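Spelled out, the chains give:
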Amino acid sequence: MVLMKKLNCFWTVGLCLVASKLSKALVKTPRVPSIYDSKFIQEVVNSHNELRSKVNPSAANMNYLIWEKDFAKLAKAWSKNCKYSHNPCLSRRYGCVEGYDFLGENMYLGKIEVTPKEIISFWYNESQYYNFETMTCSRACGHYTQVVWANSLKVGCALSNCPNLMGTSTALFFCNYSPRGNENNSSPYIKGESCSKCTTNDCFNNLCPSYLYTIQSDYSISLHSPPHPCQTILIPTTSSHCAANNPLQFPTLRLLSTGIADMNSHACFILAQGSKCIVGKPWTQ
């Protein structure tokens, strides 16, 4: 009888252990988007630029933001620590990413089911607390001013699951920016007619485009911004030097998702000849 009781006890304990392991296995860790996921990248970039394009009052010098993978790597590495605090490297010049001075940063802590667009919109909605004329906030609004900081050109973001903070469905989302925003005694942008103070005469959805592209060894040019129809431009191999005063319109190729180049019906840009140029002007790194 005593032996039977002991066996029953061991059986019960064994069942409990198995049930415990099964319950843990059934609780799936929420998936988070990769910083290399094109949909995630596009949502982050588009959400920022959409909001930057509709600031009120309108901005005369609002730059178009492009993705920077090294900023995303930085955001991912820091978010994985699951600390709801700013990255300490931000306080040091060139302390976060090689070649970049002080970086800006926005952060979010909340439900992991939220989308990047919702988070960035949440930051932007702090605009209700910002007085543009006096450059003051009635409540926290630093996330908003960084989102719409006109001089910022690049952004990179990442999201990590942090169940130790608020439960299994908790996420930390970080975005890093360059040049950084929220400089003391400065407005986030210059008030005025959209694009009236862009460095070029071009305007893209109320934003100043930065038309950065890099020429490859086969003379194809990889575009970085903005999202124009062409992803690759092919220029004649004879065009190997920059001629700032001689912009030419080249035939273009559109790189399809299959990786096949398809002839586009129109040229995407009027480009200056050269290895690295910025809309009719020489551009060097």
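Here, residues in each chain are numbered from 1, in the same order as that chain's written sequence. Local features in a predicted model are, by the rule used here, given only for residues with pLDDT of at least 70; side-chain atom pairs are given and counted only at 80 or more, and totals for whole chains, interfaces and linings are based on all residues. Think of the side-chain values as coming from all heavy atoms in the structure, minus any hydrogens and water.

**Student:** Please give an account of the confidence of the model for the protein that cites residues and values.
**Tutor:** One rule of thumb: low pLDDT means the predicted coordinates there are not for detailed reading. Across the chain, each position has a pLDDT score giving the predictor's confidence in that residue, from 0 to 100. Of the residues in the protein, 63% have a pLDDT of 70 or more, and the chain-wide mean is 73. Numbering of helices and strands runs from the N terminus, with a helix taken as a DSSP run of H or I at least four residues long and a strand as a DSSP run of E at least two residues long. The weakest mean pLDDT in the protein belongs to strand E15 (residues 281–282) at 28; the strongest belongs to helix H5 (residues 142–147) at 98. Low pLDDT, under 50, characterises residues 9–26; the stretch is placed with 0 contacts to residues that sit more than four places away or in other chains. The contact criterion used is simple: two residues touch if any of their non-hydrogen atoms lie within 4.5 Å.

**Student:** Report on helix H4 (residues 116–124), specifying residues and quantitative values.
**Tutor:** The rule is simple: take the accessible area with a 1.4 Å probe, protein chains only, and divide by the maximum for that residue type; under 20% is buried, over 50% is exposed, in between is partly exposed. Turning to H4, its buried residues number three or more, namely Pro 116, Ile 119, Ile 120, Trp 123 and Tyr 124. Projected down its long axis, H4 carries its buried residues within an arc of 140°, all on one side. The arc under discussion is defined with respect to the helix axis, by the directions toward the C-beta atoms.

**Student:** Please set out the packing of aromatic side chains residue by residue, giving values where relevant.
**Tutor:** Aromatic ring pairs are defined here through the distance separating the ring centres and the angle between the ring planes. Aromatic pairing here means that ring centres of Phe, Tyr or Trp (its six-membered ring) are within 6.5 Å. Orientation follows from the plane angle: under 30 degrees is stacked, over 60 is edge-to-face, and everything else is tilted. One pass over the structure, following the stated rule, counts 9 aromatic pairs. Both rings, one in Tyr 124 and one in Tyr 144, keep their centres 5.4 Å apart while their planes meet at 75°; by these two values the pair is edge-to-face. Remark: Tyr 144 occurs in helix H5 and Tyr 124 occurs in helix H4; sequence separation between them is 20 residues. Of the two residues, Tyr 124 and Tyr 144, both sit in the buried class. Aromatic pair Tyr 130 and Phe 132: ring centres 6.4 Å apart, planes at 85°, arrangement edge-to-face. By relative accessible area, which is 14% here, Tyr 130 ends up buried. Among the aromatic side chains, those forming a connected cluster through ring pairs are Tyr 124, Tyr 130, Phe 132, Tyr 144 and Tyr 189.

**Student:** Give a description of the pattern of salt bridges that names residues and reports values.
**Tutor:** Salt bridge criterion: a side-chain nitrogen from Lys or Arg within 4 Å of a carboxyl oxygen from Asp or Glu. According to the stated counting rule, one finds 4 salt bridges in the structure shown. A salt bridge links Lys 154 to Glu 68; the nearest nitrogen and oxygen atoms lie 3.4 Å apart. Within this pair, whereas Lys 154 is found in strand E5 (residues 154–161), its partner Glu 68 is found in the loop between strand E1 (66–67) and helix H3 (69–79), the two being separated by 86 residues in sequence. Between Glu 183 and Arg 180 there is a salt bridge, with its nearest N and O atoms 3.1 Å apart. The class of Glu 183 is partly exposed, set by a relative accessible area of 35%. On the basis of relative accessible area, Arg 180 is assigned to the partly exposed category, the value being 27%.

**Student:** Can you break down the state of the cysteines residue by residue, with the values?
**Tutor:** Cysteine sulfur atoms that come within 2.5 Å of each other are treated as a disulfide pair. Tallying each qualifying case throughout the model produces 6 disulfides. Note on cysteine connectivity: Cys 137 is disulfide-linked to Cys 141, with sulfurs 1.8 Å apart. Using a relative accessible area of 41% as the deciding quantity, one classes Cys 137 as partly exposed. Taking the relative accessible area as the measure of exposure, Cys 141 reaches 2% and is therefore buried. Two residues, Cys 198 and Cys 208, share a disulfide whose sulfurs are 2.0 Å apart. For the disulfide bridge between Cys 198 and Cys 208, the dihedral angle about the S-S bond is near -80°, and by the sign convention the bridge is left-handed. In this pair, Cys 198 is assigned in the loop between strand E6 (170–178) and strand E7 (213–215) and Cys 208 in the loop between E6 and E7, connecting sequence segments 10 residues apart.

**Student:** An account of the pairing of strand E2 (residues 104–111) is needed here, citing residue identities and associated values.
**Tutor:** For E2, the buried fraction is high: 6 of the 8 residues fall into the buried class. Relative to E6, E2 runs antiparallel, the two sharing 8 bridges. Bridge assignment links Met 107 to a residue of E6, and that residue is Phe 174. What makes two strands pair is DSSP finding at least two bridges between them.

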